[in-house]
Amino acid sequence: MKIGKNFITGRETYLTSWRSADDPSPGEYTLRFSAVKGEYQQVYIMRSSAIKTRIGPYNGVSFSGWPNFNPDPADPKYVSYMVVNENEMYFAYISSSNNTTFLLRTLVTPGGKLENFQLNLPNPEWFQSNTLPVDYCDNYEVCGPYGSCNAATSPYCGCLKGFERKLPDETSPDDNTSVCKRIIDLDCGPGEGFLKFPSMKLADTENALFSRNIVRRIIIS
C-alpha cells in the first residue's frame with residue numbers, strides 16, 4: 001500500500017471505499033495522507049471533504065492513533081516507511097522480501113471504517129487484525145480545544161489538567177468547539193512547563209513544524 005502525493009505531477013494516491021457492499025463504484029469515504037509541503041504528516045478518514053477520523057501524526061514508527069498496526073517484533077512480516085522530500089511525500093508498507101506466506105490487505109468500508117486483514121498461508125482464511133474508528137472518541141474534534149475524550153466515562157469529554165469546562169454543568173459533548181478554557185492564563189513564568197499524558201493520541205499537527213532533512217525508513221516493530 002502507498003498513500004501520498006507527488007508534488008511534481010500533482011498526483012495523489014489514496015484509498016477509496018466502495019459505494020456499498022455489492023457496488024464497487026467509488027463511495028463517500030477515503031483514507032488520505034496530509035501531503036502538504038511544510039506540514040507534519042498524519043492520516044485522515046474523510047467523508048467527501050470533511051474529516052471524520054484523524055488517525056494521528058507519524059511518530060517515526062507508526063501513526064499515533066493506529067497502535068495495533070505493528071506486527072510481532074520477533075517476526076516482522078512487512079516493512080513500513082515514510083518518505084518526505086521536495087518531490088514527493090508518502091507512506092507505504094510492503095511484505096518483507098523473505099516472506100512468501102504472508103499477505104496484508106487494507107480497505108475503507110462503505111460505512112467509513114478502516115480495516116486491516118492478514119492472510120497467513122497455508123491457512124486460506126483472511127482474519128481482521130484491527131479497525132478504526134474503534135469508538136466514539138475516534139471521531140474528529142468531538143471535545144474541542146484542550147479537551148480529552150474517554151469512551152469509558154460519562155460524559156465522554158473532559159478537560160486536560162490546567163483547564164476547566166466553560167459550562168460546569170455541561171453533560172453533553174455536542175458543542176465541540178468551546179468546551180474547555182484555561183484555569184489560569186499562561187504567562188510562561190516559574191512553575192510552568194510540560195506535562196506527560198500517557199495513552200493519548202497526539203494532538204492535531206496540522207499547524208506543526210518539522211525538519212525536512214529528516215527522512216526515516218524503518219521496520220515496524
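Analysis parameters
Residues numbered from 1 in each chain as written. Predicted model: local features only at pLDDT ≥ 70, side-chain atom pairs only at ≥ 80, totals over all residues. Heavy atoms only, no water. Pairing = 2+ DSSP bridges. Helix = DSSP H or I, 4+ residues; strand = E, 2+ residues; numbered from the N terminus. Axes fitted to C-alpha atoms, helices over the stretch in contact; angles between N-to-C directions. Buried < 20%, exposed > 50% of the residue type's maximum accessible area, 1.4 Å probe, protein only. Contact = heavy atoms within 4.5 Å.

> Residues and numbers for the sheet that holds strand β3 (residues 15-20), please.
Strand order in the open sheet made by the 4 strands is β3-β4-β5-β6, with antiparallel pairing throughout. Two strands bound the open sheet, and with one partner strand each, they are β3 and β6 (50-57). In this sheet, neighbouring strand axes are inclined to one another by 30 degrees on average, regardless of whether the strands run parallel or antiparallel.

> Give a detailed account of unusual backbone geometry, specifying residues and quantitative values.
What you tend to see is this: most non-glycine residues have negative phi, and most peptide bonds are trans. A cis amide bond, omega 10 degrees, links L121 with the succeeding residue P122. By secondary structure assignment, the location of P122 is in the loop between β10 (114-120) and β11 (127-132). Cis geometry is adopted by the peptide bond preceding P155, which originates at S154 and carries an omega value of -5 degrees. Tracing the backbone through its elements, the reader meets P155 in the loop between β12 (147-149) and β13 (157-159). The backbone phi angle of S48 is positive, close to 60 degrees, even though this residue is not glycine. Structurally, the position occupied by S48 is in the loop between β5 (42-47) and β6. Despite not being glycine, Y146 has its phi angle at roughly 70 degrees, a positive value. Residue placement: Y146 occurs in the loop between β11 and β12. Residue class for Y146 comes out partly exposed when judged on its relative accessible area of 39%.

> So what about the environment of E125? Which residues, and what values?
By the element assignment, E125 lies in the loop between β10 and β11. A relative accessible area of 54% means that E125 is categorised as exposed. Ignoring sequence-local partners within four residues, the contact set of E125 consists of Q118 and L119.

> I'd like a description of the pairing of strand β9 (residues 102-108), backed by residues and values.
On β9, burial follows the alternation: F102, L104, T106 and V108 on one face are buried, whereas L103, R105 and L107 on the facing-out side are not. Alignment of β9 against β10, held across 7 bridges, turns out to be antiparallel. Paired with L104 across the strands is Q118, a residue of β10. Where β9 hands over to β10, the hairpin turn is made up of 5 residues, of which G112 adopts a positive phi near 95 degrees.

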